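# Geometric and topological summary
Listed below, chain by chain, are the residues.
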Amino acid sequence: MSLRSLHLLFAALFACCSMAQTTRSVFDAAVPTEYEIGGITVSGTRTTDPNAVKLFTGLQVGDKITVPGERITKALQNLWEQKLFSDISFEAAEVRGRTLFLNIVVVENPRLRGWGFGGTVTRNEGDKLADGWDLSPGLQVNDALKASTRAYIRQYFVDKGYLKADVRITEVADTSKGATENFVTLKLLVDKGVKVKIKDVTFTGNEELSDKRLRKAMKKTRRKRWWNIFGGSKFILSEYKADKAKVIDVYNEKGFRNAAIVKDTMYYVAPDRVRVDITVDEGGKFHWRNVSISGNTKHTTEELKNILNIKKGDVYNKKQLDSRMFMNPSGRDISSLYMDDGYLSFYPDPVELLVEGDSIDLDLRIREGKQYRIRSVIIKGNTKTNEHVIRREIRTKPGQLFNRSDVMRTQRELSTLGYFNPEAMGVNPIQDPRTGTVDLEYTVEERPSDRLELSGGWGAGRAVLSLGVSFTNFSMRKVFKGPWDPLPAGDGQTLNVRAQTNGRYFQSYSLSFVEPWLGGRKPNSLSFSAYYSVQTNGEGRFINTSDGRIRNPNRQSINILGATLGLGKRLPWPDDYFILRGTLSYQNYELRNYSSGAVVFDFTNGTSNVLAGQLQISRNSVGPDFFFPRQGSDITFSVKATPPWSRMAWPIKGPEDYATASATDRYRWAEFHKWKFTTQWFNRLTRSKNNHDLVLMARTGFGFLGRYNNAVGNSPFERFYMGGAALTGFQLDGREIVGLRGYDDFSLAPNTGNFIVAKYTTELRFPVSLNPSATIYALAFAQAGNTWRTFDKFDPLKLYRSAGLGLRLNLPMFGPMGLDYGWRLDDVPNYPNMARSQFHFTIGIDLGEL
């Protein structure tokens, strides 16, 4: 019997005996006697308020109690329930006639000073444990606290696969200087034991479905096989239970409605290995017979049956039935039909009317409810972004019928802004059935979006460093009006400032600004950029001579000055994922005594101008996370062209005869037309509750650079280069560099570039961390591509191929970074010493537009 039980059993007797020792002539312990409490005192408290002890008993001065009786027993029980004391007793301090003075004697539990780990726990594991429990200095140390702490620590390691983990907790009195005797430190001794993995998973009773198919359904409970280089999976009870449910789901999908797991067991076959045996009862295979729909008034039975698409004789499939009633990824389900038309409380209830033999009669009972209109839209959590920036992306407006598709589209648009954590984004519909209205509450969580971009690359035989600042949620309005907190932010504009250099040989400076909602009412964007760069042979611009300061005749340089102005418009047709953009750009190239293999000019002194317009139409439904998208597509077609100056007599008058003109005259105003088409698709292959999904990305790109006049020749600008990681640090002549991992930079095009390009990419991506402060995903890729000079040489199947593995990291302050290891699968002419495989490390990664 426990100490507490003894106290409860003998409390009244003990109290009565104590009183009897004081006044034996007043009462007899065997005869219940009523007394009035004349006073209550408390002894033994150190940190607990004596008045709180009195309050816990439920006794007050003036109360009438019977000794022995239930009131004293109940008071004692109340004190034990507080779990503050290791010993409690009631004493009769004094008895005056029928007046009793009580003294409550308690021994307090020690309080917690701190804790320390021992045994096989690492420091990192100890820190993680401490982050997740409720221990804090000052808590009462009792059996319940130690039991919950022991259970928490053991469960932590069991979930890591240490099934035999053992935890011992001892109290160590705090003997440090100035410490009181009532404080203790807990010594947490942990023996993790060995990590236990699954040796094998076997099934019995399964005749219709193979062991292989059932094992495949168990995503977390996997057996050990030699080809699995990472070994068997850990045995975790919660995951095992979920996997057993998935086995039943597989049977349900195949028509086995009554399938059940009738027995399962786990036992050790080695100190670090367990075996799992599962016995199933498959039952019979069922089919749908008669399907009826009732309760529908908004939509016809025929319309709903077409969506349900279940015919007499079809195999029973619960998963298929659910997907046609709720949340079908394609959007074709009955709930979407109703909820996109305001029926927020709609619910379909499938009822099996009759199960006869192997046939099931189904009645889908529709509960339409009422149509809800949006009363108000509430935004919470935006601490930096101004509310109007969020509201302009919201598709659900007050007064409209509730539309679930619009809610989902709103969440996508808010996520693609890049200002909020997509994993924490939510929407809470607050219904008012009385008025038939709903308040939509969108919750967002701001995340750092501005970036300090540090890039490194290689160009012209030298290392190039880039430093840039990108303010992606900038506010030009606040630059002049304030407030700055600490920077003008919150209006959704983008401001980029960048500088590049490798010392005295190359410097580049650029500035760009984007306003996504010009005027604030429609999603019409305005963009502007300006840049200047200079490359030299390292010689100074001037030298000092006896005749004074003169221009250095040994200096070679190329100066580039450019600017771009663009407008964009979101199109309502064919759907509002389409965007039309127009861009006007100008570049001025000034060459002074310049000759280099890095550029393809045919002259060394002179000026060349490029005035070009670009028209681009795209459809982008990728989302919701821009760094790790799981679904959607991005299709883009663009044309960039200069005026055909050689065919025009105005406003630019060119040479009389381009065929005999010098290169300086032919390229004074460059001319070309450039066509590009790219398509990119994301497909989520698996779905998990924590959004750690396997995603397939497929991308294809084609490009062509043409000329207007054969006499002028090919443009020295906008040519295609391929190979490597596409990070050269800088580009001098508007060249487009397309990456192909596994090959050396620029190795798949001649030094002068090419005019046709094709590239195909496939990646399997899996997120390692979706934390917005450090998003990481791993990938496996396969690529193929090539460049050609003319169409008669073009062969979209004659490609250089590669495959490999990679890792992507996105830090909010530094932007995306990547590390890839690629194997080239083909040899390249003129590159006999190229490595068969190589790493590609990139900061500020850009693997080429195609």
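Description of the structure in this document. (Residues numbered from 1 in each chain as written. Predicted model: local features only at pLDDT ≥ 70, side-chain atom pairs only at ≥ 80, totals over all residues. Heavy atoms only, no water.)

## Focus: the overall build of the protein chain
Defined as follows: By definition, any uninterrupted DSSP run of H or I lasting at least four residues is a helix, any uninterrupted run of E lasting at least two residues is a strand, and each is numbered from the N terminus. For the radius of gyration, the atoms used are the C-alpha atoms, and the globule rule reads 2.2 Å times the number of residues raised to 0.38. Burial here depends on accessible area, computed with a 1.4 Å probe over protein chains only, as a share of the maximum for the residue type. Under 20% is buried, over 50% is exposed, and the range in between is partly exposed. Whether two residues are in contact is decided by their heavy atoms, any of which lying within 4.5 Å being enough. We get accessible surface area from the Shrake-Rupley algorithm with a probe of 1.4 Å; when it comes to residues, only the shown protein chains can shield them. When charges are counted, Lys and Arg are positive and Asp and Glu negative, with His and the chain ends excluded. A charge is said to be at NZ when it belongs to Lys, at CZ for Arg, at CG for Asp and at CD for Glu.
Looking only at helices and strands, the protein chain has 14 helices and 36 strands in total. Expected size for 850 residues packed as a compact globule is a radius of gyration near 29 Å; at 38 Å, the protein chain overshoots this value by more than 25%. With respect to the three principal axes, the spread of C-alpha positions in the protein chain is 140 × 90 × 65 Å. Counting only residues that meet the buried cut, the protein chain has 45% of its 850 residues in that class. For the protein chain, the proportion of contacts with a sequence separation of at least 24, taken over those separated by at least 6, is 62%. When the accessible surface of the protein chain is summed, it comes to about 42,700 Å², and 54% of that surface belongs to carbon and sulfur atoms. Taken as two groups, the 114 positive and 90 negative side-chain charges of the protein chain have centres that lie 4 Å from each other.

## Side note on the sheet that holds strand β3 (residues 85–96)
Condition: Only strands joined by at least two bridges in the DSSP assignment are considered to pair. Between N-to-C directions, angles span 0 to 180 degrees; the directions come from axes that are lines fitted to C-alpha atoms, helices contributing only their stretch in contact.
Strand order across the open sheet formed by four strands is β2-β1-β4-β3, with mixed pairing between neighbours. Sheet topology places β2 (64–67) and β3 at the edges, where each strand pairs with a single neighbour. Pairs of neighbouring strands in the sheet enclose a mean axial angle of 45 degrees, with direction left out of account. Taken together, the four bridges between strand β1 (residues 33–43) and β2 define a ladder with antiparallel strand orientation. Paired with tyrosine 35 across the bridge in β2 is isoleucine 65. Contacts between helix α2 (residues 50–57) and the sheet are confined to β1, β3 and β4 (99–108), with β1 contributing the most and set at about 150 degrees to the helix. Contacts from helix α3 (residues 70–81) reach β2, β3 and β4 within the one sheet, and its direction differs from that of β3 by about 150 degrees.

## A short note on the pairing of strand β29 (residues 695–706)
As paired strands, strand β28 (residues 673–684) and β29 are joined by 12 bridges and run antiparallel to one another. Each residue of the ladder has a partner; that of arginine 684, found in β29, is valine 695. In this structure, β29 lies alongside strand β32 (residues 756–769), joined through 10 bridges in antiparallel fashion. Among the inter-strand pairings, alanine 698 is bridged to a residue of β32, identified as threonine 762.

## Comments concerning the side chain of glutamate 108
Heads up, the condition is: The rule for a salt bridge is simple: a side-chain nitrogen of Lys or Arg has to be within 4 Å of a carboxyl oxygen of Asp or Glu. Counting of polar contacts relies on pairs of N or O atoms within 3.5 Å, with two restrictions inside protein: one atom must be capable of donating a hydrogen and the other of accepting it, and residues adjacent in sequence are counted only when both atoms are side-chain atoms.
By the element assignment, glutamate 108 lies in strand β4. Here glutamate 108 occupies a buried position and makes no salt bridge, while the nearest side chain of opposite charge, arginine 111, is found at 5.2 Å. A distance of 2.8 Å separates a polar atom in the side chain of glutamate 108 from the backbone nitrogen of threonine 48. Sequence-distant contacts of glutamate 108, defined by excluding residues within four places in its chain, comprise Gly44, Thr45, Arg46, Thr47, Thr48, Leu84, Phe85, Ser86 and Asn182.

## Considerations on a positive patch on the surface
Applied cut-off: For patch building, the residue pool is restricted to those with more than 30% relative accessible area and no salt bridge; the joining distance is 9 Å between like charges and 5 Å between nonpolar side chains (Val, Leu, Ile, Met, Phe, Trp, Tyr).
On the surface, Lys128, Lys160, Lys195, Lys220, Arg222 and Lys234 cluster together into a patch of positive charge. Inspection of the secondary structure puts lysine 195 in the loop between β7 (183–191) and β8 (197–204).

## Here's the deal with the nonpolar core
Worth spelling out the cut-off: To form a nonpolar core, buried Ala, Val, Leu, Ile, Met, Phe, Trp, Tyr and Cys residues must be joined to one another through side-chain atoms within 4.5 Å.
The biggest cluster of nonpolar side chains holds 26 residues, and the ones touching the most others in it are Tyr589, Tyr743 and Leu748. Going through the elements one at a time, β24 (557–570), β25 (578–592), β26 (606–620) and β30 (720–722) are the ones with two or more residues in this core. By size, the runner-up hydrophobic cluster in this structure holds 23 residues, among which are Ile37, Ile72, Leu76 and Leu102.

## Points about the packing of aromatic side chains
Quick note on the threshold: Stacked, edge-to-face and tilted labels apply to pairs of Phe, Tyr and Trp rings (six-membered ring for Trp) whose centres lie within 6.5 Å, assigned for plane angles under 30 degrees, over 60, and everything in between, in that order.
Applying the stated criterion across every chain yields a total of 26 aromatic pairs. Here phenylalanine 117 and tryptophan 133 contribute two aromatic rings whose centre-to-centre distance is 5.8 Å and whose plane-to-plane angle is 15 degrees, an arrangement assigned as stacked. One end of the pair, phenylalanine 117, is in strand β5 (residues 111–119); the other, tryptophan 133, is in the loop between α4 (123–132) and α5 (143–158), and 16 residues separate them in sequence. Clustering of aromatic rings is evident, with ring pairs tying together Trp115, Phe117, Trp133 and Tyr152.

## Let's talk about α2
Measuring from the backbone nitrogen of asparagine 51 back to the side-chain oxygen at the start of α2 gives 3.1 Å, which picks out aspartate 49 as the cap. At the C-terminal side of α2, glycine 58 shows a positive phi close to 80 degrees.

## Observations regarding the pattern of salt bridges
Scanning the entire structure with this criterion turns up 49 salt bridges. Aspartate 272 is paired through a salt bridge with arginine 273; the nearest N and O atoms lie 3.8 Å apart. Given the relative accessible area of 32%, aspartate 272 is considered partly exposed. Across the pair aspartate 693 and arginine 630 runs a salt bridge, and its minimum N-O distance is 3.5 Å. Taken as a pair, aspartate 693 in the loop between β28 and β29 and arginine 630 in the loop between β26 and β27 (632–641) lie far apart in primary sequence, 63 residues in all. Look at arginine 630 and you get buried, because its relative accessible area is 3%. Here the residues in one salt-bridge network are Arg395, Arg409, Arg412, Glu413 and Asp576, joined through shared partners.

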